[in-house]
Amino acid sequence: MNKRMLSGIKPSGDLNIGGYSGSLSQFVANQHDYECFFFIPDLHAITVYQDPKELHQRSRDLAALYIAAGIDPNKATIFLQSQVSAHAELSWLLESQAHFGELSRMTQFKDKSEGKDTVSSALFTYPVLMAADILLYQATHVPVGDDQKQHVELTRDLAARFNNKYGKTFVIPEPVIQETGARIMGLDDPTNKMSKSNPNQNSYVLLLDDPAVIRKKFSRAVTDSDMCVRYDWDTKPEVSNLIEIYSVFSGESIPAIEKQYEGQGYGAFKKGLAEAVIAKLEPIQKTYHEIINSKDLDDILKDGAVRANEAAQVTLQAAKRAMGFVTF
Ligand code: ATP
Ligand code: LTN
């Protein structure tokens, strides 16, 4: 069986180092071992209100960041979800297979709807659209951060349910979750995931933050009072989170980082951490600025949409046929 990888990052806010760690860095690392589809799930972004101008800009920004981070558009198919209408169509077919109860149990839905007077029905059915994204391309592997594991599991359940009822149509995908950096926590609070939706800007570092801003944000990151650079999530969650970030961005192992800062205070450690992150992000930022306003970016996205449409139509037609729709 061909190994196919598919994943995406929503253009609902500016990309931070958590999303880079759990997701984009994985795309780059795996692109040569799979046939890859990396997309911008812009239809997913509108589950909560998006300013149209910002949605437009962020969608292009993300595509440019995919390329700047090292995804080769000649190898991987890079596209915008809204350019491939089969996603919305398959999502509707799959909604007939999803149960109200299982969607109610999705933790992301519970988190994002908590305390709100009204939420869109799209926020509730969002995991079904995600299942459609994955199943349309017969993806075998889906690299995601820890918080998306439940959605990939739902995708597996929906695919199996559909296959049982209508005959084998979909490949059952596997989530790919790396050991270090699958859940980067906020710099202000290690009990909350680093999130672009957090109103506190010091809680995250953005991929496009200036070096001076990155240094300032890490210098303000919360730590504890025992001044020892040791990895232990139970007793030292703040420092453990920073060590994970250091490891992802420097490529050094956690024990090597502990050893390097043995007997030194947090000041030197935080400085080293900021420099490791800056060293990784500077070349990405440079390439981003070179391509963001270029016609090349539009051409890559147009070409990606053509390739994605071709692959998606094969599965969509098979699913429609299997369900009994008249197809020609
Ligand atoms: P929000 O921050 O608004 O909740 P999100 O960051 O979860 O959104 P995306 O930007 O679409 O949503 O996430 C892209 C990918 O990055 C997903 O695979 C997600 O699991 C991963 N990811 C996001 N935040 C983190 C984090 N703090 N640590 C590790 N991986 C993350
Ligand atoms: N739900 C994901 C984004 C997403 C995705 C996908 C990830 C939408 N469709 C398909 C992997 C595969 C999120 O909130 N981060």
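Please refer to the structure higher up on the page.
Below or above, wherever it landed, is the structure these notes cover. (Residues numbered from 1 in each chain as written. Chains lettered and ligands numbered in written order. Predicted model: local features only at pLDDT ≥ 70, side-chain atom pairs only at ≥ 80, totals over all residues. Heavy atoms only, no water.)

**Quick notes on the nonpolar core**
So, step 1. Among the nonpolar cores identified, the biggest contains 59 residues, and Ile17, Leu24, Tyr66, Phe218, Ile245 and Val277 are the most heavily contacted of them.
So, step 2. When residues in this core are grouped by element, the largest group, 11 residues, is from helix H12 (residues 266-291).
So, step 3. Non-local contacts of Ile17, meaning those with residues more than four positions away in its chain, are made with Met194, Val205, Leu207, Phe218, Ile245, Phe249, Val277 and Leu281.
So, step 4. Core analysis: the second largest hydrophobic core is formed by 37 residues, Val128, Tyr137, Ala308 and Ala312 among them. (Core = buried A, V, L, I, M, F, W, Y, C linked by side-chain atoms within 4.5 Å. Buried < 20%, exposed > 50% of the residue type's maximum accessible area, 1.4 Å probe, protein only. Helix = DSSP H or I, 4+ residues; strand = E, 2+ residues; numbered from the N terminus. Contact = heavy atoms within 4.5 Å.)

**Quick word on the packing of aromatic side chains**
So, step 1. Here the structure, examined in full by the defined rule, presents 13 aromatic pairs.
So, step 2. Pairing Phe162 with Tyr166 gives two aromatic rings, centres 4.8 Å apart and planes at 50 degrees, and the pair type is tilted. Taken together, the residues Phe162 and Tyr166, both in helix H8 (residues 149-166) and four residues apart, mark about one turn of the helix.
So, step 3. Taking the centre distance of 5.9 Å and the plane angle of 15 degrees together, the rings of Tyr246 and Phe269 count as stacked. Here Tyr246, found in helix H10 (residues 237-250), pairs with Phe269, found in helix H12; they are 23 residues apart in sequence, far enough to count as distant. (Phe/Tyr/Trp six-rings, centres within 6.5 Å; stacked < 30°, edge-to-face > 60°.)

**A few points about the site of ligand 1**
So, step 1. The full set close to ligand 1 counts 20 residues, and Asp147, Ile184, Lys193, Lys196 and Ser197 are the nearest of them.
So, step 2. Within the backbone of Gly18, a nitrogen or oxygen atom sits 3.2 Å from a nitrogen atom of ligand 1.
So, step 3. Between ligand 1 and the protein, one listed contact pairs an oxygen atom with a side-chain N or O atom of Lys193 at 2.6 Å.
So, step 4. Within the complex, 96% of the 600 Å² of free accessible area of ligand 1 lies under protein.
So, step 5. Among the elements that make up the shell around ligand 1, the one with the highest residue count is helix H1 (residues 17-30) (four residues). (Near = heavy atom within 4 Å. Polar contact = N/O pair within 3.5 Å; in protein donor to acceptor, adjacent residues only side chain to side chain. Areas by Shrake-Rupley, 256 points an atom, 1.4 Å probe, with all protein chains shown as cover.)

**Side note on the pairing of strand E2 (residues 35-40)**
So, step 1. With five of six residues buried, E2 lies mostly within the body of the structure.
So, step 2. When strand E1 (residues 4-8) meets E2, the two strands line up parallel, connected through five bridges. The partner of Leu6 across the bridge, within E2, is Phe37.
So, step 3. Crossover E1 to E2 through H1 is right-handed.
So, step 4. Here four bridges tie E2 to strand E3 (residues 77-80), and the two strands are oriented parallel to one another. Bridging across to E3, Phe37 finds its partner in Thr77. (Pairing = 2+ DSSP bridges. Right-handed = clockwise from strand over helix to strand, strands pointing away.)

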